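Summary of structural features
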Protein chains: 2
Amino acid sequence: MKIASLGEDAVVAALTRGLPPGTNVILGVGDDCAVIGGARDRVWHLLKTDCVVEGVHFEKKEEPARIGWKALCRAVSDIAAMGGVPRHALITVAVARDVEMAWLRGLYAGLRKAARRFGVGIVGGETSRSPGPAFISVALTGEVERARCVTRGGGRAGDFLYVTGRLGGSLAGKHLDFTPRLAEARWLTGNFRIRAMMDISDGLAADLPRLARASGCSFGISEEKIPRNRGCSVAQALGDGEDFELLFAVRPDAAARIEAEWRAKFPRLPLTRVGALTRGGVRAEQKPKHCGFDHFA
Amino acid sequence: MKIASLGEDAVVAALTRGLPPGTNVILGVGDDCAVIGGARDRVWHLLKTDCVVEGVHFEKKEEPARIGWKALCRAVSDIAAMGGVPRHALITVAVARDVEMAWLRGLYAGLRKAARRFGVGIVGGETSRSPGPAFISVALTGEVERARCVTRGGGRAGDFLYVTGRLGGSLAGKHLDFTPRLAEARWLTGNFRIRAMMDISDGLAADLPRLARASGCSFGISEEKIPRNRGCSVAQALGDGEDFELLFAVRPDAAARIEAEWRAKFPRLPLTRVGALTRGGVRAEQKPKHCGFDHFA
C-alpha cells in the first residue's frame, strides 16, 4: 500500500507502535517533543527533530538565510510548545555537489541568527551530498522544569481553547519569517496552569484534533472567531499550516485573568478564544471541513 | 565557488566558524560527538546526528531493514568512539509519496533491531515528503562518564596507533551490516587510558589526519600492516570508508597489556598497531596516496 493513501498520522502510528522502551522516557513518540528524565529530576530534557526539504518546505529561489531561520525556528517552536527552553542544536545538511558556497553560508547565517535570538548553541552536524533536492534537518535539545512541562494530553472537557496570533497565509511568505512563541509560552507556563498545548504546524484543522484526541476529548470551535491573517479565508486559516502559533487549553475559571494579563504583557499579539474541549472522543471523520496539511496526502 | 572544489572539511570549517557558544558545551563541532555538561558533572551528555541518502549511502534496491540498521548504527559508532553509551534516538525520514508502506516498515524493522541490540530508545521523529531520493537522518543522544570521555585531540607524539577489525571493501555490502564497536570501546575506556579515539567512517586515509591534526601531531603508518578485509588492496583499505572500526592512540608503555588483554577478551576481532603519532603538525598535502571519502569531492 502506498503511504499517500494512508496519511501521515496513520503512517507514523504504524511505524512507531511497540518501539523498544528507552530508559527514563517520560514521553516518547506523539507529542511536540520527547521528554526524558527521572521521576525525581526537577528539570527534564526535551528532544526534537525536524526537517525542511527543497520543493516541499521551501523553493530554491528563496533566500538561503530565510530557509536557515525557518529550519531552526520550527524546532524552537516545538520546544516552546512543551513549555521549555531550547539548548543545543545539531544541523544536518545534504546538498548537491554543485551548490555554491555562498548559498550554504547564507543558510548558516539564518541558522546563526535564529540560534542567537533564542539562546541555542549549534554544537555539531553533518554534511552530505544529495543527488536531488537540498535537505536540512535540525535536532534540538531543550530543558523544561518538571512543573512547567505541558503536553497535548492534559486537557479536560470544558477547557477553553486559545490560539495566539493570526492564522493562515503562510504560503505568501510568512512561513519563512515567523517568530516561534517561546517568550509567550514561557510566560504562560510560568504564570498559569496550562493544561494542554501544542504549536500549530499543519494547520488548526489538522492539529486541534490531535490535541483533543491526546486529551481524550472532542472539541467545538467557532469558525468565525478564528483569528485570520489579512486576506485569508476561514479555509486558509484552518488549513494552510505553518502558522507556528500556540494552541492551548485552560480551565474556564482561569480565562478572565489570562486574557487580561496577556493584553498587558503582549499588547501587539492577539490571544483568541476559539472554542472548547468537549466530552467524547474525536471521531475519525470529525474534522473541520477544511483539512490541515498532510505530508503524504 | 562550488562546494565540490573546496572539500568537506573546508566547507564544515567555514560554516561552523564563530558559531554562538552554547551553555555547558564541553566540546562542539569537530569531533565524533558534541559533549555537553557542567565542569562538576560526573556524567556528560553526547549528541550526534548522521544521515543516509538514497543514491549516496544506499541504493533503492537494497533491503530496507539493512538501510535502517545502517542509519542507526552509524550514529551508535560515533557515540562509541567517544567512550559513551547511546541512549535516545530521533528518526527523520523523507520519502516520496509513492513509497510502499512495506518499505517503511522494513526500514523501521532495521532501526528497531539496532535499537534493541544497542540499548537505544527511539523516542520520536519526523516524517516528510521528498520530491527526490529517500533521506534518513538520525539524531542520537548518549552518556559518558567524564573520566571515560575520549576525544580526537588527546594524542601525543610517540603514542601508538591501533585499528580494530579489518578495513576496506565496504561497498561489497559490509557497509549495510557492520557492527559498531560499542562493547570494544567501552572495554577500552573502562580498562585503559585511551588518549585519542575516533571511528573510521571516511577511510583511514581521511580520518587519521583528522585525529593527528586534532592532537597537534603528525603521524607515520606502515601501509603493509594495515589490516585488510579479504580481497582488498591497501588502497581500498585506506580509502573505501564506511569501515566503522575504531582508530585510537595509547602511550607506548600501555601497548603490551592492551594487546594481550584484547586477545583474551575479543579473540575473534583483530587489534592491529598500524603506526604512531609523531612530532609536528599535519601538512595539508600530507595524505597517504590513497585519499579517503570526501562527500563533496
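Residues numbered from 1 in each chain as written. Chains lettered and ligands numbered in written order. Predicted model: local features only at pLDDT ≥ 70, side-chain atom pairs only at ≥ 80, totals over all residues. Heavy atoms only, no water.

Here the two chain copies are tied together by a rotation about an axis and a shift along that axis. Screw-axis analysis of chain A against chain B gives a translation of 0.0 Å along the axis, an RMSD of 0.0 Å, and a rotation angle of 180 degrees. Look at the turn and shift together and you get a two-fold axis relating the two. In terms of C-alpha distance to the rotation axis, chain A has G132(A) as its closest residue, with the C-alpha 2.6 Å off the axis. With an isologous cut-off of 70% or more, the 100% of interface residues of chain A that recur at the interface of chain B puts this contact in the isologous class. (Least-squares fit on C-alpha atoms with pLDDT ≥ 70 in both. Contact = heavy atoms within 4.5 Å.)

On to helix α3 (residues 101-118) of chain A, then. Along an α-helix, residues three or four apart share an orientation, since each turn contains 3.6 residues. In a regular helix each residue adds 1.5 Å, so 18 residues correspond to 26 Å; α3(A) covers 26 Å between its end C-alpha atoms and thus fits that length. Every buried residue belonging to α3(A) is among M101(A), W103(A), L104(A), G106(A), L107(A), Y108(A), G110(A), L111(A), R112(A), A114(A), A115(A) and F118(A), and all of these are buried. Here the buried face of α3(A) lies against α2 (64-81), β4 (85-95), β5 (121-129), β6 (135-145) and α4 (182-191) of chain A together with α1 (8-16) of chain B. Directly after α3(A), the chain includes G119(A), whose backbone phi takes a positive value near 70 degrees. (Helix = DSSP H or I, 4+ residues; strand = E, 2+ residues; numbered from the N terminus. Expected span 1.5 Å × (residues − 1). Buried < 20%, exposed > 50% of the residue type's maximum accessible area, 1.4 Å probe, protein only.)

Turning to the interface of chain A and chain B, a few remarks are in order. Taken together, the contacts link 74 residues of chain A with 74 residues of chain B. With both chains or domains summed, chain A and chain B bury close to 6,100 Å², and 64% of this area falls on carbon and sulfur atoms. Linking chain A with chain B are four salt bridges. The partner of E100(B) in a salt bridge is K2(A), with the nearest N and O atoms 2.9 Å apart. Put simply, chain A and chain B have 19 residue pairs in polar contact (both at pLDDT 80 or more) between them. For the side of chain A that touches chain B, the leading source of residues is β5(A), giving nine residues. (Buried area = accessible area lost by both parts, 1.4 Å probe. Salt bridge = Lys/Arg side-chain N within 4 Å of Asp/Glu carboxyl O. Polar contact = N/O pair within 3.5 Å; in protein donor to acceptor, adjacent residues only side chain to side chain.)

Note on sheets: strands pair through backbone hydrogen bonds, and any given pair is parallel or antiparallel. All names here are of chain A. Taken in spatial order, the six strands of this open sheet run β1-β2-β3-β6-β4-β5, and their pairing is mixed. Edge positions in the open sheet fall to β1 (25-27) and β5, since each of these has one partner strand only. For this sheet the average axis-to-axis angle between neighbouring strands, irrespective of direction, equals 20 degrees. As defined by bridge partners, β1 adjoins strand β2 (residues 34-36) across two bridges and the pair is classed as antiparallel. The partner of V25 across the bridge, within β2, is I36. The strands that α3 touches are β4, β5 and β6; relative to β4, the one it contacts most, it runs at about 170 degrees. (Pairing = 2+ DSSP bridges. Axes fitted to C-alpha atoms, helices over the stretch in contact; angles between N-to-C directions.)

Any link to function would need more than the numbers given here.
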